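What follows is the residue order along each chain.
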Protein chains: 2
Amino acid sequence: MPGDTYQPLTVESLPRRLGPVPEVGQRIGGDPAHWSVREVGDGNLNLVFIVSGSDGAVVVKQALPYVRLIGESWPLPLYRALFENHALTRQAARDPGSVPEVFHFDETQALNVMEHLGPHVILRYKLIAGDKVEGLGAFLGNHCARMAFLGSELHMASAAKKADVGLFAGNVEIPAITEALIFTDPYYAAEMNHHTEGLDPVVATLRGDVALKTEAQRLFAKFASNTETMLHGDLHTGSIMSTATESRVIDPEFAQYGPMGFDIGMLTANFLMAYFSQPAHRPADELEDYQGWILDVMADMLAAFDTEFRRLWASERTGMLYPRRLFEDQGQSSEPACEAVLAAIREDAFGFCGIEIHRRILSLAHNADFESIEDPRVRAPLEARSLMLGREVILERTGIAGSNDLCALARRCAEETTP
Amino acid sequence: MPGDTYQPLTVESLPRRLGPVPEVGQRIGGDPAHWSVREVGDGNLNLVFIVSGSDGAVVVKQALPYVRLIGESWPLPLYRALFENHALTRQAARDPGSVPEVFHFDETQALNVMEHLGPHVILRYKLIAGDKVEGLGAFLGNHCARMAFLGSELHMASAAKKADVGLFAGNVEIPAITEALIFTDPYYAAEMNHHTEGLDPVVATLRGDVALKTEAQRLFAKFASNTETMLHGDLHTGSIMSTATESRVIDPEFAQYGPMGFDIGMLTANFLMAYFSQPAHRPADELEDYQGWILDVMADMLAAFDTEFRRLWASERTGMLYPRRLFEDQGQSSEPACEAVLAAIREDAFGFCGIEIHRRILSLAHNADFESIEDPRVRAPLEARSLMLGREVILERTGIAGSNDLCALARRCAEETTP
C-alpha cells in the first residue's frame, strides 16, 4: 500500500490502495476498480469495510485515531491495530478456528485484512431476534478455557510469557478506557453516564452501598494489576459472530493481560442481560423456552470452561506454576489444586460479571439488548432486575458455587418486581 | 570511563578507570593513584568496592555476568544494574533518605557508584551479634508502606505506572531466579537444595502436605502475575544496613512489580528466623530480652506499615483505585475499604513470610542466622521450629489478625520440641 503516513480509507480509495497488495488482491480477485466496497463499522473505534470481488470477500478493519462515538476530542492511539494483530495470532494458535484468519497487516495504516465471516451475524442481534446457535456454550467455554490456560504460566515458559506481558504493556490507552468506564463510572455521577428514566432509586441504592463499591474497587485493583493471561478484554456478545451452528470471536483490540476469570465473567454478564431483556423481545408463548435456552447456553459455557480447563491442567501443564514435580512426581494428585484454581477463577468471573452488568446499564456504552427496547417504562424494570442481580453476584460471589446457583439466582431476580 | 565494552573492574584498574569520571573523582578527592580500594562483595551476583581518598569514600557496585555463588555456568544479564538504578531512583523519591544516594551510573559497565554507608553494618550481622537498632521497626514499616502505596495505582497515574510495569518487565532473569528458588524448590528434592542433617522428618512432612504446596503455588501464581507496586524483591535483613540509630535499604537489583505484601512479608520472615536462631547466639541471661526486642521490632514494623498506609490513603490517594469520588465525595468514609486493602496485604504478607522461611532453610540460598551455627545438632531443631511456623503461617494466614497473633505464634513454636 503506497504512502508511509496514516490515511483513513474510504469506500472510493480502498480498491486503489489495497489492490496492489498481493495477499489482498488475489483473495478478492478481479480488477480492483470493480470491487464492491461497503463500510459496515457500527463500533466506536474503527472503520470496517466488506470488500468483495470475483473470487471472494475480505474484511478490512482500520483503526481511527479517535473514539468514533465521541469524536476527535477523544484521541486514541493507532497502535491498537498492532495489538489486535498480536491477539488474533495468539488466539488462532491457542484455539484454532475460533477467530477470523488474518491475511494482511499494515502497521502504519493501522489495518488488518481478515477473513469475511459471510453468513455470520453478531450474536447479540441473534439473541434479540430469538435465534438459537448450536454448540454456543461449549464453543465459548472451550475458547475461554484455552485462552486462559494456554496464555498463562500454567502452560507458557515464564520468560516468553513475561516478554509478552512487556509487549502488551504498550497497549495502555485502551485498557484505561475499559478501566474508567467499567469499574468506576457506574458508581458515581460520571459526566458521560446515562441511564433509563425510572432507574434513579436503584442507582441511588447501588451508589449508596459502600460494601458494593469496595468490592468493585477490589476487583478493579485486581484487573489493573494482574497479568495471569492474555485476555480478549471486551468479550461481550457483540464480539461474537455466529451462524445457526458455528461461532467465532472477533475484535480483540482491547487485548491485555489480566485475570483468568475476566473474559468469561464478561460473557456471563452479557448472557444474563440478554436473559433479562427477553420479555421485551419475545411473545409470551416463546419467552420461557428462549430464556431457558439462554441460561442453558450460559451454564454450558461455564461447565465447558471447567471441563476444558481440567483437561488442559492434566495434559498441557508445562509452565512453572503448580509443576508436576510438586504433585504427580511425588505420587500426589494435583486435582484439589486444580479445583482451587477453578474456584478462584469462578469467584473472579462472577465479580467481573456483576460489574459488567452495572456498567452496561449505567455507564457510557450500553448494549442493544436493552437499548432496542423503546419504551422506558418497559426497559427500566428489566434493567433494574439486572442491576440488582449484578449487586448480589458481586457481594455474594464466594457463595455462588457454580452455574446452577447462578441460574437460580437469575430466575429469582427475573420474578422480582423493581425495588 | 573509557572503553565501550563491559570489563569487570579490579582493585588495580578501578582508580584508572573511574578517576576521570568527575562525579566520582571529585567526591573521593586527590590523585586516583592514591585511592584506597577494597573489594568487599559478599553477595552472589556482583563486585562491590569501597573506594576512599582525601575527600571521602564511595561504593562501586558492578554486576557480574554470572551468579558468583555458582560460577560462569549460570549466566546472568548485566542489565540488572540498570534496573537497580531505576529502583534506587524510585525508592529515593518515594521514601527520601531510605536508600544510598547514587552519584554515577554506567549502563555499559553495569555499575552504580553510590554513597558509602560508613558506620553502617548489615542488619543480619547485628542481629546475630545481639546489637539493637533504634527506630528500626518504624523505619522499615514506613519504608514498605511508602513503597507499596506510592508505587501503586492508589497513587500513581495509571499510564505512568503501566509504562513502568512495561519497563520492569525487561528485568526477567532475576525474578525467574527468585521464583524457582523461593516458591518451588523448597517443596521437592531440587538439585541445588541443601538442608541440615536431622531435618529430614520435617522436610518429609512439608513435602507430603498437598494443602501446603497448593497454597504455596497459589502465592507463586500471585507473585508471578501481579503488578500492584514496584517491589524491592529481595528485602531480607542482609539488604538493610544499620548503625545503632539509623538504617538504610540497599541492593534492589531484584526489583520487579509484584504484590504489595511481598517485601514486608519477606522482612517478617527474616525477623522470625533471627528470633528462632537466637538460642545459638546469646547467653541464656540475654536471650529473653533480645528475642523480645526482635519480636518488638517486627511488631513495630507491621504496626508502622498500617499506620503509614492509612496516612497515605488519606493524603496521597490520587490514583484511579478507590477514588474519592466513590467515597468521600459522596459523603461516605473509605476507611472500611482501606482496612480491607490492609487485611488483604497482611494475608499475602504472611503467606510470603512462610515461603521465605522455607526456602531459606531448604533451598539454595540460606542465611547466616542459621548457617553460622556450626553444630547441626543445635541448628536443626531451631530450623525445624522455623519451618513448622512457616507452614502454620501459610495455611492459617487468613486467621492471623496481626502482629500480636504472629508474635504469640512465634513464642509458642519456640517452646515446642521438634516434631
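Shown above is the structure to which this text applies.
Read on for a plain summary of the structure. Fair warning: this is a prediction, and the values are worked out from it, not measured in the lab.

Residue and element names in this part refer to chain B. Here strand 7 (residues 111-115) lies mainly inside the structure; four of its five residues are buried. Taken together, the five bridges between strand 3 (residues 57-63) and strand 7 define a ladder with antiparallel strand orientation. Paired with Lys61 across the bridge in strand 7 is Asn112. Where strand 6 (residues 102-106) folds back on strand 7, the antiparallel hairpin that results is connected by four residues, among which Ala110 adopts a positive phi of roughly 55°.

Turning next to the relation of the copies chain A and chain B. When chain A is fitted onto chain B, the two copies agree to an RMSD of 0.0 Å after a turn of 180° and an axial shift of 0.0 Å. Seen this way, the second copy is the image of the first under a two-fold rotation axis. When the interface residues of chain A are mapped onto chain B, 100% of them again lie at the interface, so the same face is used by both copies.

All names here are of chain A. If you trace the five strands from one edge of the open sheet to the other, you get 1-2-3-7-6, paired in antiparallel fashion. What marks the edges here is a single partner per strand, and that holds for strand 1 (36-39) and strand 6 (102-106). The sheet shows a mean angle of 20° between the axes of neighbouring strands, taken without regard to direction. Sheet topology places strand 1 next to strand 2 (residues 46-52); four bridges connect them, and they run antiparallel. Residue pairing for strand 2: Ser36 is matched across the bridge by Ser52.

This next bit is on the packing of helix 12 (residues 335-362) of chain B against helix 14 (residues 376-395) of chain B. Residue and element names in this part refer to chain B. Running from N to C, helix 12 and helix 14 cross one another at 150°; their axes reach a closest spacing of 8 Å. Classed by the angle they form, the pair helix 12 and helix 14 counts as roughly antiparallel. The handedness of the crossing between helix 12 and helix 14 comes out as left-handed. Residues Phe350, Gly351, Cys353, Gly354, Ile355, Ile357, His358, Ile361 and Leu362 of helix 12 touch helix 14, and the partners they reach there are Glu383, Ser386, Leu387, Leu389, Gly390, Arg391, Val393 and Ile394. Per-class residue counts for the contact of helix 12 with helix 14 are 10 nonpolar, five polar and two charged.

Each value, and the rule that gives it
Residues numbered from 1 in each chain as written. Chains lettered and ligands numbered in written order. Predicted model: local features only at pLDDT ≥ 70, side-chain atom pairs only at ≥ 80, totals over all residues. Heavy atoms only, no water. Buried < 20%, exposed > 50% of the residue type's maximum accessible area, 1.4 Å probe, protein only. Helix = DSSP H or I, 4+ residues; strand = E, 2+ residues; numbered from the N terminus. Pairing = 2+ DSSP bridges. Least-squares fit on C-alpha atoms with pLDDT ≥ 70 in both. Contact = heavy atoms within 4.5 Å. Axes fitted to C-alpha atoms, helices over the stretch in contact; angles between N-to-C directions. Parallel < 35°, antiparallel > 145°, perpendicular 65-115°, else oblique. Left-handed = near helix turned anticlockwise from the far one by under 90°. Nonpolar A, V, L, I, M, F, W, Y, C, P; charged D, E, K, R; others polar.

Function cannot be inferred from these measures alone, as they are strictly geometric.
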